[in-house]
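Reading the structure
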Amino acid sequence: MPYIKKTLLTTEACDAVHDKRLSISLTADGFSFSELSAQGDLLAFGEAVGGHATSMTDATRDIKAFFAEAGVRPIEFRRMELVVDSDESVWVPDEVYSAACNRQYLKVVGGGGRQVMTAPCRELASTAVFAFDEGLTTAFKVALPGLTVMNQHVRMASLAPMSKGHPLLIARWRGNKVDLAALADGRYLYGNTLEPADESTLRFQMVEVTRLFGIERPDTELLMCGDVDRELFARFRPYFPKTSLFTGRCNVGTEFRQLRTYRYALLLV
């Protein structure tokens, strides 16, 4: 089934800006995307639904057709990124990384998938090895030449500079899973995907991360994003010195006032 447009929000300046970055995030039944200027202004946001085609050829066709209809031209972008959510991932320092060992790296963390992908992380001088649908990501790369692929933990590691003022614990909810990153002094300290049995277990794990990595401090801030509602926010707020919704790092104009930016925070950085 071809992708159909669910949401498309743009600014008047969108077509006039030529130094832009395109970020795409996959969902189970489609994808969302953002266009950002080099200055960090949000220029456009969109969502596509309809489900991913099972063959790479059909998926490539659907992706090309959607972006053509939405007026998104790959030639306009300085950088294009696809951020995928992987439940099985591991960091390997660059000095010991070998592509021939990718499957062995994942086995260390219990990964058993046959499709293994990698993404370099300059901030950590490491390579992320993770499991994901290689056929689907290849379809996006064919449809959008020059596209780079990373997982959510590589993206969250890039947020380390945000912690230069005070420690941060970033928690991104997606269904019954939570992507976690601990940051302090401009450095990425820890990242993992948790699938806790219940909320009390998750709260214990998150507080324990702050203790184990030395960021259990009076100025530590929890940043929540993803599938967060008012009630969930209220239940976690008492356990940390400060709790906020994380809405990304870009500048959002009035054209996007109806967009719940905290749900798409990793697209808006």
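Figured I'd write up the structure that's included with this text. Here the structure is a predicted model, which means the values were calculated and not measured.

**Here's the deal with the pairing of strand S8 (residues 126-131)**
Counting buried positions over the six residues of S8 gives six, a clear majority of the element. Here S8 shows no split at all, with Ser126, Ala128 and Phe130 on one side and Thr127, Val129 and Ala131 on the other all buried. Pairing geometry for strand S6 (residues 89-93) and S8, over five bridges, is antiparallel. Looking at the pairing, tryptophan 91 lines up with alanine 128 of S8. As paired strands, strand S7 (residues 116-121) and S8 are joined by six bridges and run antiparallel to one another. By the bridge assignment for S8, threonine 118 is matched with valine 129. As consecutive antiparallel partners, S7 and S8 are separated by four residues, and within that stretch alanine 125 has a phi angle of approximately 50 degrees, a positive value.

**Overview of the pairing of strand S5 (residues 77-84)**
Within a regular beta strand, the side chains point alternately toward one face of the sheet and then the other, so they alternate between its two faces. Of all eight residues making up S5, six are buried, and the element is well covered by its neighbours. Relative to S5, strand S2 (residues 20-27) runs parallel, the two sharing six bridges. Bridged to arginine 21 within S5 is arginine 79. Here four bridges tie S5 to strand S9 (residues 148-151), and the two strands are oriented parallel to one another.

**Some remarks on the environment of arginine 217**
Looking at the secondary structure, you find arginine 217 in the loop between helix H5 (199-212) and strand S13 (221-226). Sequence separation of arginine 217 and histidine 166 is 51 residues, and the distance between their C-alpha atoms is 8.9 Å.

**Quick look at H5**
Since one α-helical turn is 3.6 residues long, residues separated by three or four positions face the same way. Spanning 14 residues, H5 covers 20 Å between terminal C-alpha atoms, matching the ideal 20 Å at 1.5 Å per step. Elements in contact with the buried residues of H5: strand S10 (168-174), strand S11 (177-184), strand S12 (187-194), S13 and helix H6 (230-236). Downstream of H5 by one or two residues, glycine 214 has phi in the positive range, about 70 degrees.

**Observations regarding the packing of helix H1 (residues 56-69) against helix H3 (residues 134-143)**
Packing of H1 against H3 brings their axes to within 8 Å, and their N-to-C directions diverge by 45 degrees. Between H1 and H3, the interaxial angle falls into the category oblique. Here H1 and H3 pass one another in a crossing that is right-handed. Residues Met56, Ala59, Thr60, Ile63 and Lys64 of H1 touch H3, and the partners they reach there are Gly135, Leu136, Thr138, Ala139, Phe140, Val142 and Ala143. Tallied by class, residues from the contact of H1 with H3 come to eight nonpolar, three polar and one charged.

**Considerations on the nonpolar core**
The tendency in soluble globular proteins is for nonpolar side chains to be buried as a group. Counting residues in each nonpolar core, the largest one holds 48 residues, and the members touching the most others are Ile24, Phe31, Phe67, Phe140 and Leu144. At five residues, S5 tops the list of elements feeding residues into this core. Those residues in contact with phenylalanine 140 that lie beyond four places of it in its chain are Ile24, Leu26, Phe31, Ile63, Leu82 and Leu147.

**A short note on the pattern of salt bridges**
Tallying each qualifying case throughout the model produces 19 salt bridges. A salt bridge links lysine 20 to glutamate 35, with the shortest nitrogen-to-oxygen separation between them at 3.0 Å. You can see lysine 20 sitting in strand S2 and its partner glutamate 35 sitting in strand S3 (residues 30-37), a full 15 residues away along the chain. Residue lysine 20 shares its accessibility class with glutamate 35, and that shared class is buried. Put simply, Asp85, Asp87, Arg172, Arg174, Lys177 and Asp179 are held in one network by salt bridges that share partners.

**Observations concerning the sheet that holds S10**
With mixed pairing, five strands are arranged side by side in an open sheet as S12-S11-S10-S13-S14. If you trace the sheet from one side to the other, it starts and ends with S12 and strand S14 (242-245), each paired once. Strand-to-strand twist in this sheet, taken as the mean axis angle between neighbours without regard to direction, amounts to 20 degrees. Here six bridges tie S10 to S13, and the two strands are oriented parallel to one another. Its bridge partner being in S13, alanine 171 is matched across the sheet by methionine 224. Relative to the sheet, H5 contacts S10, S11, S12 and S13, its axis offset from that of S10 by approximately 155 degrees.

The rules behind the values
Residues numbered from 1 in each chain as written. Predicted model: local features only at pLDDT ≥ 70, side-chain atom pairs only at ≥ 80, totals over all residues. Heavy atoms only, no water. Buried < 20%, exposed > 50% of the residue type's maximum accessible area, 1.4 Å probe, protein only. Helix = DSSP H or I, 4+ residues; strand = E, 2+ residues; numbered from the N terminus. Pairing = 2+ DSSP bridges. Expected span 1.5 Å × (residues − 1). Contact = heavy atoms within 4.5 Å. Axes fitted to C-alpha atoms, helices over the stretch in contact; angles between N-to-C directions. Parallel < 35°, antiparallel > 145°, perpendicular 65-115°, else oblique. Left-handed = near helix turned anticlockwise from the far one by under 90°. Nonpolar A, V, L, I, M, F, W, Y, C, P; charged D, E, K, R; others polar. Core = buried A, V, L, I, M, F, W, Y, C linked by side-chain atoms within 4.5 Å. Salt bridge = Lys/Arg side-chain N within 4 Å of Asp/Glu carboxyl O.

This is a description of form; function is not addressed.
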